[in-house]
Amino acid sequence: MFWNPQVILFSEDVERLVAFYGTLGFHETMRMVTDAEAVHVDLVLDGYRLGISSVASALVDHGITRHDEGGRHTAVVLWTDNTLAAYDRLVRQGVTPLAAPRMWLDRFFLAWLADPDGNPIQVVQSVGPRLPL
């Protein structure tokens, strides 16, 4: 049901963090922009995927707060072919929902849940062709 797990780091300065990880050998594979500002960038190094997301976007777009604001600095991402089915299954299993499934940026259908320690988990599906990950 899931593939290509990913960790997301939330940052106040997405470009600064992308540049830093670039110096470590990561290369950019996907960029999501709103209002001419990067809100999320995916990086890869030797098959390992790392996402850098804007703290503001995490709060405004998804309702996810940082650890020092009662939330977390990281999240786990699980890609799926059916966000709604995955979300429903996890909620039935007792996983705590954080945000119900919905469209984001007209490209992704996603939902947020929490692991037993409260760490956010994003279940996401591409609404277009499956992304090359």
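Preceding block: the structure.
Residues numbered from 1 in each chain as written. Predicted model: local features only at pLDDT ≥ 70, side-chain atom pairs only at ≥ 80, totals over all residues. Heavy atoms only, no water.

Below, the discussion takes up the pairing of strand 4 (residues 48-54). The buried count for strand 4 comes to 6 of 7 residues, which makes it a mostly enclosed element. As judged from the 6 bridges shared by strand 3 (residues 37-45) and strand 4, these two strands associate in the antiparallel manner. Bridge assignment links H40 to a residue of strand 4, and that residue is S53. The turn linking strand 3 back onto strand 4 is made up of 2 residues, and D46 within it adopts a positive phi angle of 50°. (Buried < 20%, exposed > 50% of the residue type's maximum accessible area, 1.4 Å probe, protein only. Helix = DSSP H or I, 4+ residues; strand = E, 2+ residues; numbered from the N terminus. Pairing = 2+ DSSP bridges.)

With that out of the way, let us pick up the sheet that holds strand 4. Pairing in this open sheet of 8 strands is mixed, and the strands run 2-3-4-1-5-8-7-6 from one edge to the other. Pairing within the sheet leaves two strands with one partner each, and these edge strands are strand 2 (27-34) and strand 6 (96-104). For this sheet, the mean angle separating the axes of adjacent strands, direction not counted, is 20°. Across the face of the sheet, helix 2 (residues 55-62) comes into contact with strand 1 (2-11), strand 3, strand 4, strand 6 and strand 7 (108-114) while running at roughly 90° to strand 6. With respect to the sheet, helix 3 (residues 83-92) is in contact with strand 1, strand 5 (74-80), strand 6, strand 7 and strand 8 (120-126), its orientation differing from that of strand 7 by roughly 10°. (Axes fitted to C-alpha atoms, helices over the stretch in contact; angles between N-to-C directions. Contact = heavy atoms within 4.5 Å.)

Turning to the packing of aromatic side chains, a few remarks are in order. Throughout the structure, instances matching the rule amount to 3 aromatic pairs. Ring geometry for Y21 against F26: centres 5.5 Å apart, planes inclined by 90°, an arrangement best described as edge-to-face. Classification of F26 as buried rests on a relative accessible area of 12%. Taking the centre distance of 5.9 Å and the plane angle of 65° together, the rings of W79 and F108 count as edge-to-face. Of this pair, W79 sits in strand 5 while F108 sits in strand 7; the two residues are 29 residues apart in sequence, bridging distant segments of the chain. Classification of W79 by relative accessible area gives buried; the value is 4%. Put simply, the rings of W79, W104 and F108 pair up and form one aromatic cluster. (Phe/Tyr/Trp six-rings, centres within 6.5 Å; stacked < 30°, edge-to-face > 60°.)

Turning to the nonpolar core, a few remarks are in order. Core analysis: the largest hydrophobic core is formed by 17 residues, its most contacted members being F10, W79 and F108. Those elements that place two or more of their residues in this core are strand 1, strand 2, helix 2, strand 5, strand 6 and strand 7. (Core = buried A, V, L, I, M, F, W, Y, C linked by side-chain atoms within 4.5 Å.)

In this fold, T83 is placed in helix 3. By relative accessible area, which is 0% here, T83 ends up buried. A distance of 2.8 Å separates the side chain of T83 from the backbone oxygen of F109, its partner in a polar contact. (Polar contact = N/O pair within 3.5 Å; in protein donor to acceptor, adjacent residues only side chain to side chain.)

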